[in-house]
Amino acid sequence: MSSFEHRAYQALNSRSIRLLHIFDISSAEATSGYNLVKVSLDETPIYTALSYTWGCPFSPQEQRSVRWPNHESCLILTNGQTLSIGQNLFSAISSLQSLRLYGYYWIDAICINQSDLQEKNTQVAMMGDIYGNAANVLIWLGDEDWNSKVAMVFIEQFNPKLRELQIREGRDRYLSYSVSDPSLWDRLGEPRIPDEMFEGLAVFLERAWFKRAWTFQEVVLAKELVIYCGERRVEYGQFMELLDFLEVSDWDMRVPQLSKSTTIAADPGRLIYLTMMHRRIIAAGGPLEPGQRELLTRVADSDEPVSLLMAFHDALLSTMRCRQATDRRDHIFAVYGIMSRISTQMGIPNPLDEPDYSKSPAEVYVETSRAIIERSRTLLLLSSIEHRPDHDDANPMKLPSWVPDFSKEWGSALPRNGSGDHYHASKGHSIRLLPSPNPRALILEGYHFDEITAVGDSDFELGRGMRPLYESAKIVLGLPLVYHTGQDRVEFLWRTLIADQAMGQCPAPASLAEAFRYHLLMQNSMAIFNAEQAGNSDGDLHLHEPLDALSKASTEATKLIPSLEETIRRKEDYTSIRDANSVAQSTNRDLSPAQQSLLQIVLADEAKALPYVRLLESNFQSRRLVTTDKGFMGIAPLTVRKGDEVFILPGGRMPMVLRCRDKEGYQLVGDAYVHGIMQGEGFRYMNGKGLERRIEIV
């Protein structure tokens, strides 16, 4: 953060900005190499906008070996004023001076009077134009270290070799490569890159700049980009080539720390890759680009410009939730400039309110959420609610239940998966908002569909918890053999767990039934194996009894659910492999041919389960299985309870789970996938009993 006497700042007009002039200080007459000037954006000044982070630029891993000073540094202007700035910004400006990159720069910490709230609001609202009109945007990633040098090796040496290979083999840049494949390195004519270098690259991509909220807008709107790390320059095109390769390769499997570190992201570089893809989309026309327009039309259920723009805004806010900001309000304000630029291109006013730092984060989130719902005329926003337990720590801002905490990462919004048009539970019914005297309440009309009567297994229990389908199997055993859709109950079980969508297809392809079977075999056998390792001599076999009973209930169930006997045999296979590996390691010998054969069989079966496992990880994330009074099955938020009610709200893609708060109204628990009613069929099952209600969500 910068600070110096207010008289150093001259008042700005509505379209004026300040620029920091950096010039040569080598001459004897120069007392300083820096000066502030005031210019009008409408006069198209030539300047560079700096994109950087205010705090420490290094990743958490790098900070362990870097001493980062907490004090600020001083910059002396030609008029004698002393400007205090953060250490990272001081390093950036010093490097620009050292590299003789003289000229005019827009730098937010210096060029905005941070103590003038009105000026800050006005300048933040203009930042889309400020970065969009700059001759170029200079990205400052911080000073160099070993990890950044590793990244430069990939960019400067590996990239050209890969590009030559792609041309030689006639391969598209988006075709995947396996860095574990020895033939890749033979074809590149390069020795295999050590795992330590891939780890260094991962650590570098965890630097603060790649994750900050404001850097998203700064990159997306830039005319030209140039990247500096210390005094090393990286061309934008070269950096994108590296990101393209990382996106389609299995390089992250070569990072040993990913399996045991909580500080390296599961997918390093993913955030900046998505940022660059948004840059490509906007450069191609944003919501008006044909492919993007088709997608957004399905999401918005309309091709009206405002609807398309609001659907695009929804995607932007979803992306911003993965990013970091010191001020919670910036998760909203940091996309205002993008929306201004796109709305101008579309010939419509920006539907968002201008940034206002006089409002609290809670006020900004509530007003933004209401504006999104009213202006988009959809309830897509309600699928962005993170599932909140009933305690204050889970909701520190005391937000209403229908307002997302935009500062928290949330990746479980099912309507955004796939092509966007998979679900339309209120098909044929438009949103019906009612006036609310309470600014924190959302009042609308909707239909009561059903009540939750049973709650089953969670995502953790069916995933990392490695537990069998115990509660869920008991629930399914209580349902009819044939579901409302005419499907066998085992089929609607496996479809419900993945919200019946896969790889852009809804309903999911029938071929996934086999993957579901191998998933159960792997999951349940490992559950017995782990239970025995924990000292339970019977392997908690009683937990498998409901699923075993379900496997014998029908011909289809027998095909899709491994019997308990088969599951125990596979558990014994795991035990044999563990013992064989232990002996081989202690004697420094290879596995025998028979042991190798068994291992390959088990690995092949696990590979067959993988497509279903990946869908569970995405579509069943933070959810649990439920059934309703009418005999429907679905997946709902982890916080769902028996007695919660299922509503179909006009304008909503998904059925909503609400919890009655007596005279206070309803609490929104979250959205749900309910098998068999996701394309408007729910109105048919109500038979006139789902009377329209006035619903107040608080």
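Given the structure is predicted, the values throughout are model-derived calculations rather than measurements.

(A) View of the overall build of the chain. Across its full length, the chain holds 24 helices and 18 strands. Seen through its principal axes, the chain has C-alpha atoms that stretch 90 × 75 × 50 Å. For the chain, the residues scored as buried account for 56% of the 698 residues in total. The long-range share in the chain, meaning contacts at least 24 apart out of those at least 6 apart in sequence, stands at 72%. Summed over all atoms, the accessible surface of the chain reaches about 29,900 Å², with 50% contributed by carbon and sulfur.

(B) Examining the sheet that holds strand β9 (residues 232-235) more closely. Spatial strand order, β2-β1-β6-β3-β7-β8-β9: seven strands in an open sheet with mixed pairing. Only two strands of the sheet have a single partner each, and these edge strands are β2 (34-40) and β9. Here the strands of the sheet are splayed against their neighbours by 35° on average, with no regard to which way each runs. Contacting β8 (225-229) and β9, helix α9 (residues 236-248) runs over the sheet at an angle of about 70° to β9.

(C) Representation of the packing of helix α8 (residues 213-220) against helix α10 (residues 270-283) in the model. Running from N to C, α8 and α10 point in directions that differ by 35°, and their axes come no closer than 9 Å. Seen from above, α8 lies across α10 with right-handed handedness. Side by side, α8 and α10 meet where F216, V219 and V220 of the first sit next to T275, M276, H278, R279 and I282 of the second. Residue composition of the contact of α8 with α10, by class: five nonpolar, two polar and one charged.

(D) Examining helix α14 (residues 336-346) more closely. Counting buried residues in α14 gives eight out of 11 residues, a clear majority hidden from the surface. Listed in full, the buried residues belonging to α14 are Y336, G337, I338, M339, S340, I342, S343 and M346. Residues of α14 that are buried sit in contact with α4 (117-133), α8, α10, α12 (305-320) and α13 (330-333). G347 occupies a position one or two residues after α14 and carries a positive phi of about 75°.

(E) Representation of the side chain of S525 in the model. Here S525 is to be found in helix α19 (residues 512-533). For S525, a relative accessible area of 0% translates into the label buried. If near-sequence neighbours (up to four positions away) are discounted, S525 is found in contact with L520, T567, R570, K571 and Y574.

(F) Spotlight on the pattern of salt bridges. Counted according to the given criterion, the structure contains 34 salt bridges. R18 is the salt-bridge partner of E119, the closest N and O atoms lying 2.7 Å from each other. You can see E119 sitting in helix α4 and its partner R18 sitting in strand β1 (residues 16-22), a full 101 residues away along the chain. There is no split in this pair, since E119 and R18 are both buried. The salt bridge partner of R187 is E169, with a shortest N-O separation of 2.7 Å.

(G) Looking closely at the pairing of strand β6 (residues 103-106). Judged from the three bridges that link them, β1 and β6 form a sheet pairing that is antiparallel. Residue pairing across strands places I22 opposite G103, the latter belonging to β6. In terms of strand pairing, strand β3 (residues 48-51) meets β6 through two bridges, oriented parallel. Within the sheet, the bridge partner assigned to T48 lies in β6 and is Y105.

(H) Fine view of the packing of aromatic side chains. The tally for this structure, following the rule as stated, stands at 20 aromatic pairs. Here the aromatic rings of Y365 and F406 are separated by 5.2 Å at their centres, their planes lie at 90°, and the arrangement is edge-to-face. Pair noted here: Y365 is in helix α15 (residues 361-376) and F406 is in the loop between α15 and β10 (433-434), with a separation of 41 residues, a long-range link. The residues Y365 and F406 share a single accessibility class, namely buried. Here a set of aromatic residues connected by ring pairs shows up, and it is made of F154, F158, W185, F198 and F245. The cationic tip of K630 hangs over the ring face of F449; the distance from NZ or CZ to the ring centre is 5.0 Å. The aromatic ring of Y685 is capped on one face by R684, whose charged end is 5.1 Å from the ring centroid.

(I) Molecular detail of empty space enclosed by the protein. Taken as a whole and assessed by the stated rule, the structure comprises eight cavities of 30 Å³ or more. What the largest cavity holds in volume is close to 180 Å³. Residue lining of the largest cavity: 14 residues in total, with I332, F333, D353, E354 and T368 positioned closest to the centre. Listing elements by their share of the lining of the largest cavity, those giving two or more residues are α13 and α15. Looking at the lining of the largest cavity element by element, the count peaks at five residues for α15. The residue makeup of the lining of the largest cavity, split by class, is six nonpolar, two polar and six charged.

(J) View of unusual backbone geometry. A cis amide bond links C506 with the next residue in sequence, P507, at an omega value of 10°. One can find P507 in the loop between α18 (489-497) and α19. At T44, a position not held by glycine, the phi torsion is positive, near 45°. Position of T44 relative to the elements: it lies in the loop between β2 and β3. Although it is not a glycine, R100 sits at a positive phi angle of roughly 60°. Its location among the elements puts R100 in the loop between α2 (87-98) and β6. On the basis of relative accessibility, which here comes to 52%, the residue R100 falls in the exposed class.

(K) Representation of the layout of surface pockets. The calculated volume of the second largest pocket comes to roughly 690 Å³. If you trace the second largest pocket, you find 31 residues lining it, with W54, R212, W214, T326 and D330 closest to the centre. Broken down by secondary-structure element, the contributors of at least two residues to the lining of the second largest pocket are β3, α4 and α8. Grouping the constituent residues of the lining of the second largest pocket by class yields 15 nonpolar, eight polar and eight charged.

(L) Quick peek at the nonpolar core. Among the nonpolar cores identified, the biggest contains 190 residues, and L20, I93, W106, I110, F239 and L497 are the most heavily contacted of them. Discounting residues that sit within four places of it in the chain, F239 has contacts with I155, L205, F210, I227, V234, I272 and M276. Ranked by size, the runner-up nonpolar core spans 14 residues in total, among them M526, F529, Y574 and V602.

(M) Structural context of the environment of K630. Looking at the secondary structure, you find K630 in the loop between β12 (623-628) and β13 (633-637). When the C-alpha positions of K630 and D450 are compared, they lie 6.7 Å apart, and in sequence the two are 180 residues distant. With residues near it in sequence (within four places) discarded, K630 still touches F449, D450, H484 and Y685. Among the polar contacts listed, one links the side chain of K630 to the backbone oxygen of F449, at a separation of 2.3 Å.

(N) Spatial organisation of the confidence of the model for the chain. Of all residues in the chain, 91% have pLDDT values of 70 or greater, and the mean over the chain is 86. Across the chain, the element-wise mean pLDDT spans from 71 in helix α11 (residues 290-300) up to 98 in β3. Low pLDDT, under 50, characterises residues 1-6; the stretch is placed with 26 contacts to residues that sit more than four places away or in other chains. Counting contacts from residues 258-263, a segment whose pLDDT is below 50, to residues more than four positions away or on other chains yields nine contacts.

Reading the values: the criteria
Residue indices begin from 1 for each chain and proceed along its sequence in written order. Per-residue local features of the predicted model are confined to residues with pLDDT of at least 70, and side-chain atom pairs are confined, for both listing and counting, to 80 or more; whole-chain, interface and lining totals are unaffected and use all residues. For side-chain calculations, the full set of non-hydrogen atoms in the structure is used, while hydrogens and water are omitted. The secondary structure listing takes helices from DSSP runs of H or I that are at least 4 residues long and strands from runs of E that are at least 2 residues long, numbered from the N terminus. A simple rule labels every residue: compare its accessible area, found with a 1.4 Å probe on the protein chains alone, to the largest value its type can have, and call it buried under 20%, exposed over 50%, or partly exposed in between. Note on definitions: a residue-residue contact is assigned when non-hydrogen atoms from the two residues lie within 4.5 Å. Only the protein chains shown count as cover for residues, and all accessible areas are computed by the Shrake-Rupley method using a 1.4 Å probe. Whether two strands pair comes down to DSSP finding at least two bridges between them. In this description, a line fitted to the C-alpha atoms serves as the axis of each element, helices being fitted only across the stretch in contact, and the angle between N-to-C directions of two axes falls anywhere from 0 to 180 degrees. We call a crossing left-handed when the near helix sits turned anticlockwise from the far one by less than a right angle, and right-handed when that turn is clockwise. By the convention adopted, Pro, Cys, Tyr, Trp, Phe, Met, Ile, Leu, Val and Ala count as nonpolar, Lys, Arg, Asp and Glu as charged, and the other residues, Gly among them, as polar. By definition here, a salt bridge exists when the distance from a side-chain nitrogen of Lys or Arg to a carboxyl oxygen of Asp or Glu is within 4 Å. Two rings from Phe, Tyr or Trp (for Trp, the six-membered ring) form a pair when their centres are within 6.5 Å of each other. A pair whose planes differ by under 30 degrees is stacked, one over 60 is edge-to-face, and the rest are tilted. Ring-over charges, as used throughout, are those where CZ of Arg or NZ of Lys falls within 6 Å of the ring centre and within 35 degrees of the ring normal. Here a cavity is any set of points on a 1 Å grid over the protein atoms alone where a 1.4 Å probe fits but cannot get out, and a pocket is any open set with protein on both sides within 12 Å along at least 5 of 7 lines; a residue lines the site when it has an atom within 4 Å of a point. Grid points are joined across faces, edges and corners, and a volume is the space filled by probe spheres set on the points. Definition of nonpolar core: a set of buried residues of the types Ala, Val, Leu, Ile, Met, Phe, Trp, Tyr and Cys, connected through side-chain atoms within 4.5 Å. In protein, a polar contact requires one atom able to donate a hydrogen and another able to accept it; more generally it is a pair of N or O atoms within 3.5 Å, and residues adjacent in sequence count only if both atoms are side-chain atoms. Per-residue confidence from the predictor is reported as pLDDT, a score between 0 and 100.

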